[in-house]
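Coordinates in review
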Amino acid sequence: MDLKSAYDKVQWQLLWSLLQRLGVHSHMLGAIQSLYDGSLLSMRINGQCGHSQSPSIGLRQGCPLSATLFGIFIDGLHHHLRTAAPAAGVQVRHLKLTDLVYADDICLLAGSPQHLQALIDALVAYCATLHMEISVTKTKVMVVSKPSARSPTPTTPIFTCNGLPVGRVDTFKYLGLHFHASGDISHIITPLKAKAAGSWAVVQQRHSQLQCGNTVNLKLFLLRSILVPSLHYGCELWGMHSPSGATNRARTALQSLYDRYLRHICGVKYATPSAMLLEELGLSPLQVFWWRRTLEFWNRLAASPVGSLFHTILLDNLDDAFSVGRGARNFSGSVAACLQSIEQSMPVYSGIVPIIEVGTVVEALRLHLDGTHDYALHCPRAAPTVGIVACTYHHWFKPFSRHRRYFQLPVSGRRMQRFLQFGLASHKLPGLIGCAHIVVV
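Treat the numbers as computed from the prediction; the structure is a model and nothing was measured. (Residues numbered from 1 in each chain as written. Predicted model: local features only at pLDDT ≥ 70, side-chain atom pairs only at ≥ 80, totals over all residues. Heavy atoms only, no water.)

**Structural notes on the overall build of the protein**
Looking only at helices and strands, one finds 18 helices and eleven strands in the protein. By the burial criterion, 40% of the 441 residues in the protein qualify as buried. Taking contacts inside the protein between residues at least 6 apart in sequence as the whole, the part at least 24 apart equals 63%. Carbon and sulfur atoms form 58% of the exposed surface of the protein, whose accessible area is close to 24,400 Å². (Helix = DSSP H or I, 4+ residues; strand = E, 2+ residues; numbered from the N terminus. Buried < 20%, exposed > 50% of the residue type's maximum accessible area, 1.4 Å probe, protein only. Contact = heavy atoms within 4.5 Å. Areas by Shrake-Rupley, 256 points an atom, 1.4 Å probe, with all protein chains shown as cover.)

**Structural notes on the packing of helix α1 (residues 12-21) against helix α3 (residues 66-73)**
In contact at an axis separation of 10 Å, α1 and α3 are set at 80 degrees when each is read in the N-to-C sense. Between α1 and α3, the interaxial angle falls into the category roughly perpendicular. Facing α1, whose interface residues are L14, L15, L18 and L19, α3 presents L69, I72 and F73. Residue composition of the contact of α1 with α3, by class: seven nonpolar, no polar and no charged. (Axes fitted to C-alpha atoms, helices over the stretch in contact; angles between N-to-C directions. Parallel < 35°, antiparallel > 145°, perpendicular 65-115°, else oblique. Nonpolar A, V, L, I, M, F, W, Y, C, P; charged D, E, K, R; others polar.)

**Some points on the packing of aromatic side chains**
Following the criterion strictly, the structure yields eight aromatic pairs and no others. Ring plane angle 70 degrees and centroid distance 6.4 Å describe the contact between F297 and F331, whose orientation is recorded as edge-to-face. Of this pair, F297 sits in helix α12 (residues 286-303) while F331 sits in helix α14 (residues 331-341); the two residues are 34 residues apart in sequence, bridging distant segments of the chain. You can call F297 partly exposed: its relative accessible area is 22%. Taken together, W12, W16 and Y36 form an aromatic cluster joined through their ring pairs. Sitting above the plane of the Y270 ring, R263 keeps its charged end 5.4 Å from the centroid. (Phe/Tyr/Trp six-rings, centres within 6.5 Å; stacked < 30°, edge-to-face > 60°. Lys NZ or Arg CZ within 6 Å of the ring centre and 35° of its normal.)

**Looking at the pairing of strand β5 (residues 99-102)**
Moving residue by residue along a regular strand, the side chains alternate between the two faces of the sheet. Two strands pair when backbone bridges link them, and β5 and strand β6 (residues 105-108) are joined in this way by four bridges, in the antiparallel orientation. Each residue of the ladder has a partner; that of D99, found in β6, is L108. If you look at the hairpin formed by β5 and β6, you'll find two residues sitting between the two strands, and A103 has a positive phi there, around 55 degrees. (Pairing = 2+ DSSP bridges.)

**Digging into the pattern of salt bridges**
Overall, the coordinates contain four salt bridges when judged by the stated rule. Between K4 and E133 there is a salt bridge, with its nearest N and O atoms 3.2 Å apart. With K4 in the segment before α1 and E133 in the loop between α5 (113-129) and β7 (140-141), this residue pair connects regions lying 129 residues apart in the sequence. Put simply, K9 and E133 hold a salt bridge, and the shortest N to O gap is 3.4 Å. Placement of the pair is K9 in the segment before α1 and E133 in the loop between α5 and β7, with a sequence separation of 124 residues. For K9, a relative accessible area of 23% corresponds to the partly exposed category. A residue is classified by how much of its surface remains accessible, and E133, at 35% relative accessible area, is partly exposed. Within the structure, one salt-bridge network assembled from shared partners comprises K4, K9 and E133. (Salt bridge = Lys/Arg side-chain N within 4 Å of Asp/Glu carboxyl O.)

**Digging into the side chain of D319**
Among the structural elements, D319 can be located in helix α13 (residues 309-322). Within polar-contact distance, the side chain of D319 engages the side chain of Y349 at 2.6 Å. (Polar contact = N/O pair within 3.5 Å; in protein donor to acceptor, adjacent residues only side chain to side chain.)

**What to know about unusual backbone geometry**
At R93, a residue that is not glycine, the phi angle is positive and equals roughly 55 degrees. A positive phi angle, close to 60 degrees, is found at E343, a residue other than glycine. Relative to the assigned elements, E343 resides in the loop between α14 and α15 (358-371).

**Quick look at the side chain of T294**
Note on placement: T294 falls in helix α12. What makes T294 buried here is its relative accessible area of 0%. Ignoring any residue separated from it by four or fewer positions in sequence, one finds T294 in contact with C235, E236, G239, M240 and F331.

**Details of empty space enclosed by the protein**
Taken as a whole and assessed by the stated rule, the structure comprises one cavity of 30 Å³ or more. When its volume is computed, the largest cavity comes out at roughly 30 Å³. No other element matches α5, which puts three residues into the lining of the largest cavity. (1 Å grid on protein atoms, 1.4 Å probe; cavity = no way out; pocket = protein on both sides within 12 Å on 5 of 7 lines; lining within 4 Å. Points joined across faces, edges and corners; volume = space filled by probe spheres on them.)

**Examining the sheet that holds strand β9 (residues 164-168)**
Read from one edge of the open sheet, three strands run β7-β9-β8, paired in mixed fashion. Looking at which strands have only one partner, the edges of the open sheet turn out to be β7 and β8 (159-161). In terms of strand pairing, β8 meets β9 through three bridges, oriented antiparallel. Counted as the bridge partner of C161 is L164 from β9. Along the sheet face, α5 touches β7 and β8 and points at about 5 degrees away from the line of β8.

Now the structure itself:
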């Protein structure tokens, strides 16, 4: 559900009344009101500003307090929905969920078309009391179910909001993540590639604006600051979910895109093995960060108060994954499968959410990723032709990679790229035997 110009329609007098009802009085209330005292509003048409007027509605855009004030303004929504549609909602153990609200993003949950329509009607009535309006064109309905159980389109019920039909979609963007009706997590990961491509353009633009030439260190810093966060967004949900299939291929595509940008910055060949590149730069695979964030998220849920929404949802998820005869491949089941793939085991589940040792698992993952390459088993002079580059790096260059500080040398970007090309066997010398003689010297 999308509220039309939500912040702009908050009435001040109604907000002050709600704050007083919650116990905000005297100096605190006066401090909040002082942010809006003396505000002036004018309209600009064709570059000309009209007469200024004192507004009585609207929250300040960009103010850190505005999100909290808006949350207080619509805080009664949950109680109103439970009262107006008591049978609606999704049952999770002892809790019944009717809505998820983050600022002005509202998601209604129901188990049947009749209950969902009742929630929509209740929301419309509640918004009318606050003098707010729902944008029907931006409001969508998504039926989440298994592909085999999804109803044909002709039998899909029609939902209405303010007498207007609400469209149905199979994919919907909520809080920056694309959720699919089939529950396939790969649909969340795939759009991140486009975001990363846009972030890469920003990295190049910022580097050009700084006018520092072809600086490898600066580009790596900008890459970590601007692009890498877009590859991590929401990884608590998809970082360890579904360790095989389309979801795993989507994660691999993100890592490949990251490696391609690193190769471009370092000026090395596209065929340079990813493990060598990350080792030389002192970086970890994205999978290590994804797993760490996911397990830390797990432990935060486990440490939440018993009976709270987050703790209850995780308990219900564990029941679906480990109950006899159910064995769902959900979030909990996927975490257990990932741990098993690196010869780690999920702590025994006996009705209490287990705590996972994040450091132990991450270290085991690093050892597992290092062990997936067999170049350590061969001598460089006897290695197969396909793996000779990785084998040579492992024996002659990797032992020194953790002790190098040449990234701190005040040299040009082009010369730094030559250092990297030499260390990663991405140079144009006639053979690798020359590298060995130079390294030994």
